[in-house]
Amino acid sequence: MSDAKPPVALELIWERDLVFAGKSGAVEMRLDSDAVMGPSPMQALAFSLAGCMAMDVVHVLKKGRHDLRGLRADLLGTRAVDNPKRFTSFELKYTVTGDVQDDAVQRAIDLSRDKYCSVWHSLRQDLDLLTSFEVAPEP
């Protein structure tokens, strides 16, 4: 039996200006070049990368039965000056809440980056990705 994911199918319909309504299955969103009615395409890509890696980290930590109470991911994406103004690097910082050992967090981040995050592996591999984390006490 194959573990292959089905293809992703979506539709984008131009609404006005540079605003598009998107739909994929039951999920709907808007993309807006000005980031007013929804994220810009570059913001959506950044959300996708941060979200994919954060979900992996949570999954790995929970599967390892670590006492994870919270996770925040802050991403900074640097873009090229010249067109196509692509991302050239990312800094992704995780703030982990709970009784989780540093080595477990680092292992989860490494597994996401090296093996699991399909978004990261779909991007150009000449991008720099600097990750860091801190484990914070519960508020």
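This text gives an overview of the structure that appears in the document. Within every chain, residues take consecutive numbers counted from 1 along the sequence as written. Local features in this predicted model are restricted to residues whose pLDDT is 70 or higher, and side-chain atom pairs enter the listing and the counts only when it is 80 or higher, whereas totals over whole chains, interfaces and linings include all residues. Side-chain numbers come from the whole structure's heavy atoms, not from hydrogens or water.

**Points about the packing of aromatic side chains**
Alright, step 1. Geometry of aromatic contacts follows a simple scheme: Phe, Tyr and Trp rings, the Trp one being its six-membered ring, pair when their centres are within 6.5 Å, and the pair is stacked under 30 degrees between planes, edge-to-face over 60, tilted otherwise. For the coordinates displayed, the defined rule picks out one aromatic pair.
Alright, step 2. Aromatic side chains Phe87 and Phe90 sit 4.7 Å apart centroid to centroid with 45 degrees between the ring planes, which places their arrangement in the tilted category. Each member of the pair, Phe87 as well as Phe90, carries the same accessibility label: buried.
Alright, step 3. Here, a charge over a ring means that NZ of Lys or CZ of Arg falls within 6 Å of the ring centre while also lying within 35 degrees of the ring normal. Geometry around Phe87 places Arg79 over its ring, the cationic atom sitting 6.0 Å from the centre. Each residue is assigned to one of three classes by its accessible area relative to the maximum for its type, calculated with a 1.4 Å probe on protein chains only: buried under 20%, partly exposed between the two thresholds, exposed over 50%.

**Here's the deal with the sheet that holds strand S5 (residues 87-99)**
Alright, step 1. Think of it this way: DSSP has to see at least two bridges between two strands before they count as a pair. Secondary structure follows DSSP: runs of H or I at least 4 residues long count as helices, runs of E at least 2 residues long count as strands, and numbering of each begins at the N terminus. Read across the open sheet, the three strands follow the order S4-S5-S6; overall the sheet is mixed. In this open sheet, the two strands that pair with only one neighbour each are strand S4 (67-79) and strand S6 (128-136). Averaged over neighbouring strand pairs, the angle between their axes works out to 15 degrees when direction is ignored.
Alright, step 2. Pairing between S4 and S5: 12 bridges, direction antiparallel. Within S5, the residue paired with Gly77 across the bridge is Phe90.
Alright, step 3. Contact definition: two residues touch when any of their heavy atoms are within 4.5 Å. The convention used is that axes are lines fitted to C-alpha atoms, helices contributing only their stretch in contact, and that angles between N-to-C directions extend from 0 to 180 degrees. Across the face of the sheet, helix H1 (residues 41-63) comes into contact with S4, S5 and S6 while running at roughly 150 degrees to S4.
Alright, step 4. Of the strands in this sheet, S5 and S6 touch helix H2 (residues 102-116), which is tilted by about 150 degrees from S6.

**Quick look at the packing of H1 against H2**
Alright, step 1. Close contact between H1 and H2 brings their axes to 9 Å; oriented N to C, the two are set at 130 degrees. On the basis of their axis angle, the class for H1 and H2 is oblique. Of the two possible hands of crossing, H1 and H2 adopt the one that is right-handed. The residues of H2 that touch H1, namely those facing Cys52, Met53, Asp56, Val57, Val60 and Leu61, are Ala104, Val105, Arg107, Ala108, Ile109, Leu111, Ser112, Arg113 and Tyr116.
Alright, step 2. Amino acids are sorted into nonpolar (Ala, Val, Leu, Ile, Met, Phe, Trp, Tyr, Cys and Pro), charged (Asp, Glu, Lys and Arg) and polar (every other residue, Gly among them). A class-by-class count of the residues in the contact of H1 with H2 yields 11 nonpolar, one polar and three charged. Here roughly perpendicular refers to angles of 65 to 115 degrees, roughly parallel to angles under 35, roughly antiparallel to angles over 145, and oblique to all remaining angles. Handedness of a crossing is defined here by the sense of rotation of the near helix relative to the far one, left-handed for an anticlockwise turn of less than a right angle and right-handed for a clockwise turn.

From the geometry alone we can't say anything about function, so treat these as descriptive.
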